[in-house]
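Spelled out from the first residue to the last, the chains are:
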Amino acid sequence: ILERFKLMEEGDHENRECATEDIRFVSVPGAQWDDKVRQERGTRPCYQFDKLSGKAKRVINEMRANRPAGKVRAVEDTDKATADVREGLCRNIANVSDLDTICDYAGVYQVEGGMGAWRVTTSWAGETMRQRIRAEPIANPFCLYWDPASVDPLKRDAEDWCLIDRMSKLAFARTYGKKARKVSFEEGDQPAGDDWQDEETVRVCEYWYKERYEKELWLLDDGKVIAAEDDAAKLIDP
């Protein structure tokens, strides 16, 4: 996972540097001037005129006024009732998750830096065997990394993803208890950068990957398609 993360970070390093500069340029007073140029000017004034934050907020407000909403459409007329039920479920998930606020938060990053993200998760519903679907924010989209070989704009063809974040040692112990232990990398193995590890925080990584497999399908005389590992005799027996 660490080797894959290094490739992901290296492949998107320039894009993230530019995105960070863009966000600072829009949001941080004085960031419109390069530090080296500012030093060379000495006592001469470095004027700045805020012409971008207002335009960025205008785009963000337009997004809030016209939020996208999902629509479940039936393929056939007989599926309309099922489509209506599924659309109601999707709307309930969005309302319970406060998806509007999540989208607004991601939209700020998207407009100012070109990177915004949230996630869809499942969790156990109390003391039951059922799971519930929820949308959750990703506080810092720069913590999310993906397969550098991905070419799809939405990264649907990515083979793996990493979400790396920090938490305090106290929060780590409270969240994971004895289920997880802290492991230190060797000095030569950890990624470059002075801020990779410190004495106060722990880095936590979530890693997703695709696992490919082959599946054999059988086409029966009656046109039915079944998997080879199914109980074929039972399915074929009249």
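Everything discussed here concerns the structure shown above.
Here we summarise the structure given alongside this text.

**Here we look at a negative patch on the surface**
A cluster of acidic residues, Glu17, Glu21, Asp22, Asp34, Asp35 and Glu40, forms a negative patch on the protein surface. Mapped onto the negative patch, the elements with two or more residues apiece are helix 2 (13-27) and helix 3 (35-41). Counting residues per element, the negative patch draws most heavily on helix 2, at three residues. Mapped onto the fold, Asp22 is located in helix 2.

**Brief notes about unusual backbone geometry**
In this structure, Asp98 takes a positive phi of about 55° despite not being glycine. As for its position among the elements, Asp98 is in the loop between helix 5 (80-97) and helix 6 (99-113). In this structure Asp98 comes out as partly exposed when scored by relative accessible area, which is 40%.

**Considerations on the pattern of salt bridges**
It is possible for side chains of opposite charge to pair when their charged atoms get near one another. One pass over the structure, following the stated rule, counts 13 salt bridges. When the shortest N-O distance is used, the salt bridge between Lys6 and Glu3 registers 3.9 Å. Separated by three residues within a single helix, Lys6 and Glu3 lie in helix 1 (residues 2-11), roughly one turn from each other. According to the relative accessible area criterion, Lys6 is partly exposed, its value standing at 23%. Glu3 sits in the exposed class, given a relative accessible area of 54%. Note that Asp12 is salt-bridged to Arg16, the shortest N-O span being 2.9 Å. In this structure Arg16 comes out as buried when scored by relative accessible area, which is 8%. What emerges from the salt-bridge pattern is a single network uniting Arg64, Arg67, Asp100 and Asp104.

The rules behind the values
Each chain has its residues counted from 1, running along the sequence as written. Note on the predicted model: pLDDT of at least 70 is required for a residue's local features to be given, and 80 or more for side-chain atom pairs to be given and counted; whole-chain, interface and lining totals, by contrast, use all residues. For the side-chain quantities, the full set of heavy atoms in the structure was used; hydrogens and water were omitted. Patches were defined on residues exceeding 30% relative accessible area and lacking a salt bridge, with like-charge contacts within 9 Å and nonpolar side-chain contacts (Val, Leu, Ile, Met, Phe, Trp, Tyr) within 5 Å. Note on areas: Shrake-Rupley, 1.4 Å probe, and residue coverage restricted to the protein chains presented here. We define a salt bridge as a side-chain nitrogen of Lys or Arg found within 4 Å of a carboxyl oxygen belonging to Asp or Glu. The sign given to each residue is positive for Lys and Arg and negative for Asp and Glu; His and the chain ends receive no count. For the purpose of locating charges, the reference atoms are NZ of Lys, CZ of Arg, CG of Asp and CD of Glu. Helix and strand assignments come from DSSP, with helices taken as H or I runs of at least 4 residues and strands as E runs of at least 2, each series counted from the N terminus. Remark: exposure states derive from per-residue accessible area (1.4 Å probe, protein chains only) relative to the maximum for the residue type, with buried under 20%, exposed over 50%, and partly exposed in between.

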